[in-house]
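Listed below, chain by chain, are the residues.
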Amino acid sequence: MVRWWWPDGHVDPAEIRREVDQLADAGFGGAEIAAVHHSIRDKSLLDPAGHGWGTPAWNAGVEAALDQAARRGLSIDLTIGPSWPAAVPTITPGHPAAAKELAHGSVAVAAGATYAGPVPPPAIDGEPVRELLLVQAARIEPAHSTRDETGLDPSSVTTVPVNGDNVTWTAPAEGEWLLISYWQRGTGQRPESGPHTAPESYVVDHFSRAGTQAVIDFWTSELLTPAVRGLLRRSGGALFEDSIEIESDALPWTPDLPAEFERRRGYALAPYLPVVMLADEDPVFAYDPVLTRHARKDFWDTVSELLNEHHFIRLRDWAHSLGLRLRAQPYGLRTDAIEAAAILDVPEGESLGFKNLDDYRCLAGGRDLAGGEVLSCEAGAYQGGAYTTTWRKLLLTMSGAYAAGLNQTVLHGFSYASAPGAAWPGFAAFTPYDGKAGYAESWGPRQPTWTHIHDISRYFARIHLIMQQGVPRVDVAVLRQTGYTKTGIGASWFTASGVPTGWTHQFVSGPLLDLPTARVREGRLGGPAYKALFVEGDRFYAGECTMTLATARRLLELARAGLPVVLLGDWSAASVPGVPRDGDDDERLRALVASLTAEPTVRTIAAQTDVPAALASLGVRPDVRYATPSTLLTLRRVDGEVDYYYLCNGRHQENVKPPVAPIDHEVTLARADRDGVPYLLDPWTGRVTRVALYADDGDEGVRLRVALRTGQARIIAIARPGLFSTHPSPGSPGSSASFNTSGSSGSGPSDSPDSPDSSDSPADRTMGARTHATSTDADQVTFSPAGRLLVRAARPGTYTTTLSDGRTVTTVIGPVAAPVELTSWRLRVESWGPGPAGTAKTVHTVRLDRLVPWPEIPELADASGVGTYTARLDWDGSPAYLELGEVTDTCRVTVNGRRLDPVDQLHPVIDLGSRLRRGSNTVEVEVATPLGNRLRVADPEVYGGLTRQPYGLLGPVRLVPYGEAAAG
């Protein structure tokens, strides 16, 4: 999908239809319409009254988008408001449905002194209309002070009566005191980069029914026209809400919070208000550390419950009434995003804000334990990356995230063609940003790399397809007492040591254990079939060994049902979270923990390094195993008796230090079908090929060798022999997300990358459980189309191969020529730039005796566009690999006039097979670039500070011959 940015209602329905067609033709499955125009510097050019969000002009564009999407088979998501967060123009800051905050004021009062005067005003400026909640007095306790917080004595806190706007109070004879006032007021927050409406919209209260109802009411009265309602049933996908970025310089608030807090927590909030207060996002006051932590925990747990109940659940149910799902980024505040992910139809993360893969694993745990299907991601919002972002960078960013459970990508983004005041190459929602290059990227036909978009979109589609097959299988669930995400905080041992040795994990929070789906079957928990539950101290509250009584009871039930549980830390002194309400609660908890630890399925350990031994003693092993620590990331899904493994060499993001090195080692994969054999599913070409070199380790699974470059991904399916010949491969034939069986990869690429060889593989039909190779000293072993084993090597010699029937065979590879570097090229560049009617294209032709970046070629120094490199050579007809080396950005290859399969953009090596004929041959490499180099000179005021990028085919480009012969 793409985020489709509109400059509010300044859109032409005819252009909207064209852009739906552009997305459909490019192989995308949908778009999310969002009113965003940060780049428009002169807001007077906008017309919020006539063309704002929610106006008839906006609705006409939405109707056109939905109608054309229905015609083209796309789905359309709609953002819940203009820009973000959720807001409507029918409220003002003081309205009951508007976002609220609690601000404080204070004045010092010396021992025995009397303060008589106005109630202390808020220390943080804000909306002028405010309401006094209460005034308290508290004695300063220096022992509780921190560098940023004033310590207070909790036993001294008392409510002070107020007379109108004034207060008179005499301090006790000992100590220094503070009078603290608390003021309720609207935040006055408006959606970003407005105005989007007339009157202006204000952010709603996300913690009250009134705030959510204001959203529903506005949609019902202004947006859900009869035409839109009908079209939503045909092509509507989801309502979408961005991350919960409630901007308050004080404490996020809702007027019902005190009453809701007491109802839910069992005690009054007022005595603890000082330590939950915020000013400029920082705490102001503190009691002793333990009490302070517990009070804050109770406060934010209450806020979390209100957000999930009054906002997400109500919006989800309302969306369902329209035939839509609810997709949202349920983080931004200190709330349980894991629980929210279980509530939402489609939880979503983001590549920009998430600090590591555990941030995704939090949302994936909520989705999977609740039985959800999709985890989405806002992908590629690089700061300052406008018109310089490469697809390679995006692929490197996203490859690791798929291993953490992601299976829907929403590209950031696709901008509507034009807008008032927009310069070439068109309106872009986030650039200029503060006058300079903004957030990436405005993908679309304006980009030269769109020339190759089918290769990219089909890669993503195939990854998504596999990641939505069957159900997930995850080794361990990690219990989070506090379900935050977007924190970068991982799990003890598993994040740092478990993942590099094959373990997989997700996070769950206490409320998820009460879901109907959280049941133990055959010693495994829920749909993900977690083999064990790992519990450690609360990572967000000083690592305390704490859990609720309800969670402890549930853990005991799960352990008695046969689920292995590992507790890290000293749980003999466990405490309930939050401020103690009943003096016996801690004792009850400790009694439950004692019963839990007495169960034979439970282990208590003192150190992280004890985790592997504890799991082993419980009989828990990972689905994926390899001998030495590696950067290999994995995810398993099971569909009946078919296993799908996503394998990736990477970490979170694309610029990790030290860089991720290539890997090449054996991996053992568990399988659902004891007789299953491995297949390689290539997400770039859509080919399915039977793996010829592997070891069948019986009940242990299948052991094979995995070699991956940085960020590179592979998909392995394990299924009974012949399955992909007698049953359709994943996806529908001819779709952008289909896989198709083919013969040996050594038989040469298909003629057209758009139509992979869809014929049944003779090898797979006939070989069944026939002999395969288990080891070899050759470079590779493959199956021929007829099912014979072929040995391949880049050097002549005699090679030994061990077969699965126990035989050892030798193969002689005759003379193999040395690799040849291609250095002489004809380069034809179609340079893109501003023209009188949009983009103009100028052709340059140069001769190269060595490959260099375009900026080193005078006539191409500031060029962006599409370049075609042509080399001619004589060849002896030997099969060979074509290694392209370094390329910026996307590329396609044609040999002797026939275009080859799409190129793996992260490892551009193509098996030419017999495509090179004896005698004269022509090799063409088409390279497309971003627009940044051209924009440096086309719009220097905004983009002049960009560094020239090394566009083009940089190489070295080599032909590497190989020999191939039958095994034995």
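Above this note sits the structure.
Residues numbered from 1 in each chain as written. Predicted model: local features only at pLDDT ≥ 70, side-chain atom pairs only at ≥ 80, totals over all residues. Heavy atoms only, no water.

A.B. asks: Looking at this structure, I do not really get helix α3 (residues 56-72). What am I missing?
C.D. replies: In an α-helix, one turn spans 3.6 residues; hence positions three or four apart end up facing the same way. An ideal rise of 1.5 Å per residue puts 24 Å on 17 residues; α3 measures up with 24 Å between its terminal C-alpha atoms. Along α3, the residues that are buried comprise Ala57, Trp58, Asn59, Gly61, Val62, Ala64, Ala65, Leu66, Asp67, Gln68 and Ala69. The positive-phi residue at the C-terminal boundary of α3 is glycine 73, with phi of around 80°. (Helix = DSSP H or I, 4+ residues; strand = E, 2+ residues; numbered from the N terminus. Expected span 1.5 Å × (residues − 1). Buried < 20%, exposed > 50% of the residue type's maximum accessible area, 1.4 Å probe, protein only.)

A.B. asks: Quick question: what am I supposed to make of the sheet that holds strand β13 (residues 236-241) here?
C.D. replies: Within a sheet, neighbouring strands are paired by backbone hydrogen bonds and run either parallel or antiparallel to one another. Taking strand neighbours around the barrel as the criterion, the eight strands line up as β1-β2-β3-β13-β18-β19-β20-β21 in a closed arrangement whose pairing is parallel. Direction aside, the axes of adjacent strands within the sheet are offset by 30° on average. Two strands pair when backbone bridges link them, and strand β20 (residues 376-379) and strand β21 (residues 408-415) are joined in this way by four bridges, in the parallel orientation. Each residue of the ladder has a partner; that of cysteine 377, found in β21, is threonine 409. (Pairing = 2+ DSSP bridges. Axes fitted to C-alpha atoms, helices over the stretch in contact; angles between N-to-C directions.)

A.B. asks: What's the story with the pattern of salt bridges in this structure? I'm lost.
C.D. replies: Any two side chains of opposite charge can pair, given that their charged atoms come close. In this structure the tally under the stated criterion is 55 salt bridges. Here arginine 554 makes a salt bridge to glutamate 557, at a shortest N to O gap of 2.8 Å. Pair noted here: arginine 554 and glutamate 557 are both in helix α14 (residues 549-560), with a separation of three residues, about one helical turn. Look at the salt bridges and you will find they share partners, linking Arg3, Glu32, Asp77, Asp242, Arg327, Glu348 and Glu378 into a network. (Salt bridge = Lys/Arg side-chain N within 4 Å of Asp/Glu carboxyl O.)

A.B. asks: Explain the layout of surface pockets here, please?
C.D. replies: Empty pockets left among the atoms are what a rolling probe the size of a water molecule brings to light. Estimated volume of the second largest pocket: approximately 750 Å³. If you trace the second largest pocket, you find 37 residues lining it, with Arg265, Asp301, Glu305, Pro511 and Thr548 closest to the centre. Secondary-structure elements contributing two or more residues to the lining of the second largest pocket are α6 (257-265), α8 (289-321), α9 (337-343), β23 (476-480) and α14. Classifying every residue of the lining of the second largest pocket gives 11 nonpolar, 12 polar and 14 charged. (1 Å grid on protein atoms, 1.4 Å probe; cavity = no way out; pocket = protein on both sides within 12 Å on 5 of 7 lines; lining within 4 Å. Points joined across faces, edges and corners; volume = space filled by probe spheres on them. Nonpolar A, V, L, I, M, F, W, Y, C, P; charged D, E, K, R; others polar.)

A.B. asks: Explanation requested: the packing of aromatic side chains in the structure shown.
C.D. replies: For any pair of aromatic rings, the description rests on two quantities: the centre-to-centre distance and the angle between the ring planes. Here the structure, examined in full by the defined rule, presents 31 aromatic pairs. On the numbers, 6.3 Å between centres and 85° between planes, the contact of tryptophan 854 with tyrosine 951 is edge-to-face. Residue tryptophan 854 is found in the loop between β47 (838-848) and β48 (865-876), and its partner tyrosine 951 is found in the loop between α20 (940-943) and β55 (952-955); the two are separated by 97 residues along the sequence. The two residues tryptophan 854 and tyrosine 951 agree in class, both being buried. Through successive ring pairs, a cluster of aromatic residues spans Trp5, Trp84, Phe430, Tyr433 and Tyr439. (Phe/Tyr/Trp six-rings, centres within 6.5 Å; stacked < 30°, edge-to-face > 60°.)

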